[in-house]
Amino acid sequence: SGVMETSNDQSMVGVQNYLQKAAQNLKPIVPIKFYISSRTDTGVHALCNSAHLDIQRAPGKPAFDEKQLIYSLNYHLRPEPIRILNAHRVANSFHARFSALSRTYVYRLLMGCTHHSEIPVFERDLCWAPVGGHLNVPAMQDAAQFLLGTHDFSTFRSLNSETPFQSPIRTILQVDIRPSSGFLSHHYEHRGLEFWELKFRSRSFLYRQVRRMVGALVAVGQGKLAPHHIKELLEIKDSRAFPSNAMAPPSGLFLKSVEY
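If you're wondering where the values come from, they're calculated on a predicted model, not measured in any experiment.

Caption draft 1: Focus on the overall build of the protein chain. When helices and strands are counted, the protein chain shows 5 helices and 8 strands. Against the globule reference of 18 Å for 260 residues, the protein chain gives a C-alpha radius of gyration of 20 Å, in line with a compact fold. Projected onto the principal axes, the alpha-carbon positions of the protein chain cover approximately 65 × 45 × 35 Å. When the 260 residues of the protein chain are sorted by exposure, 44% land in the buried category. Put simply, 68% of the contacts in the protein chain that link residues at least 6 apart link residues at least 24 apart. Summed over its atoms, the accessible surface of the protein chain is roughly 14,400 Å², and 53% of this surface lies on carbon and sulfur atoms. With 29 positive and 21 negative side-chain charges, the protein chain shows a separation of 6 Å between the mean positions of the two kinds.

In structure tokens form, the structure reads like this:
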């Protein structure tokens, strides 16, 4: 249901709620709040996200060491598909969101499916199989070059409450489109299915920017747009100019890493 904390009256619960509930079992004297680096949406996955938190223990109690913290939090997260992978002590000036140097997202595409029933069951909700089967990858790679560098990405963001306060200028450091293996691909490669990964790296991204960029690149791969249309969409600088229904679904998107 997304990373961010949801209020008590909502039926969907965010990853942050589960983390904070687990952290309360550490018996802090002040409730623990997680400050999360990358605020992934409902349906998006994270291979590795990061957060910072402050723990105040009762007077006389020693500070947790990293291994204790990992073990304790994971013990209380057991029912959920959430795991703490690492913990590090950091300076008070560190902020998980604002100290990040870059974030890397990967989007997984499945080509060769003529119908959604052909998606391998083990890949369900972990990729996007665009309608029509195959895509023109060289055209997509040409189009991706227009996204590299510093641009006004107004056309490639969805509007939300932060939009009026946020600059639309972002710098895309890397865009790659490469073949990739599926989780169990040797079992179904005889069916002509191909996995491809689109990788994007930037210091930060706008709301739904990656899903819009992927959707536009897939439209190029389907022949609905030409590569130069990506440049034109950037130049329009208007979110309403984005082609309707072209945004990629959340299921194929993974936050791969946050670099500090």
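Caption draft 2: Representation of the sheet that holds strand S6 (residues 169–180) within the structure. Strand order across the open sheet formed by 6 strands is S2-S8-S4-S7-S6-S5, with mixed pairing between neighbours. Because the sheet does not close on itself, it has two edges, and the strands there are strand S2 (45–46) and strand S5 (149–152). The pairing of S5 with S6 spans 4 bridges and is classified as antiparallel. Counted as the bridge partner of His151 is Arg170 from S6. Each of strand S4 (102–111), S6 and strand S7 (194–202) is contacted by helix H3 (residues 137–144), which is oriented at about 160° to S6, the strand it contacts most.

Caption draft 3: Layout of the UniProt feature "active site" (unreviewed entry) in the protein chain. Listed under "active site" (unreviewed entry) in the UniProt record, and renumbered for this structure, are Asp41. Among the secondary structure elements, Asp41 is positioned in the loop between strand S1 (35–36) and S2. The class of Asp41 is buried, set by a relative accessible area of 18%. Asp41 has contacts with Gly2, Tyr207, Arg208 and Arg211, leaving out every residue within four places of it along the chain.

Caption draft 4: Focus on the layout of surface pockets. The space that makes up the largest pocket amounts to roughly 1,600 Å³. Surrounding the largest pocket, 50 residues form its lining, Phe34, Asn49, Ser50, Ala51 and Ile84 being those nearest its centre. Those elements that provide at least two residues to the lining of the largest pocket are helix H1 (15–24), S2, strand S3 (51–52), helix H2 (66–76) and strand S8 (253–259). Class assignment of the residues belonging to the lining of the largest pocket gives a composition of 29 nonpolar, 13 polar and 8 charged. Each of two domains, domain 1 (1–99) and domain 2 (102–259), supplies a minimum of three residues to the lining of the largest pocket. What the second largest pocket holds in volume is close to 890 Å³.

Caption draft 5: Focus on the environment of Gln166. Looking at the element boundaries, Gln166 is found in the loop between S5 and S6. Between the alpha carbons of Gln166 and Leu206 there is a distance of 8.5 Å; along the sequence they are 40 residues apart. Residue contacts for Gln166: discarding those within four places in its chain leaves Arg97, Arg157 and Leu206.

Caption draft 6: How the structure looks around the pairing of S7. In the sheet, S4 pairs with S7 via 9 bridges, with the strands oriented antiparallel. Across the sheet, residue Leu110 finds its bridge partner in S7, namely Phe195. Pairing between S6 and S7: 8 bridges, direction antiparallel. From the neighbouring strand, Ile177 faces S7, where its bridge partner is Leu198.

What counts as what
- Residues numbered from 1 in each chain as written.
- Predicted model: local features only at pLDDT ≥ 70, side-chain atom pairs only at ≥ 80, totals over all residues.
- Heavy atoms only, no water.
- Helix = DSSP H or I, 4+ residues; strand = E, 2+ residues; numbered from the N terminus.
- Rg over C-alpha atoms; globule rule 2.2 N^0.38 Å.
- Buried < 20%, exposed > 50% of the residue type's maximum accessible area, 1.4 Å probe, protein only.
- Contact = heavy atoms within 4.5 Å.
- Areas by Shrake-Rupley, 256 points an atom, 1.4 Å probe, with all protein chains shown as cover.
- Lys, Arg positive; Asp, Glu negative; His and termini not counted.
- Charge placed at Lys NZ, Arg CZ, Asp CG, Glu CD.
- Pairing = 2+ DSSP bridges.
- Axes fitted to C-alpha atoms, helices over the stretch in contact; angles between N-to-C directions.
- UniProt positions renumbered as here; feature names shortened; annotations may be inferred.
- 1 Å grid on protein atoms, 1.4 Å probe; cavity = no way out; pocket = protein on both sides within 12 Å on 5 of 7 lines; lining within 4 Å.
- Points joined across faces, edges and corners; volume = space filled by probe spheres on them.
- Nonpolar A, V, L, I, M, F, W, Y, C, P; charged D, E, K, R; others polar.
- Domains from an automatic or database assignment.

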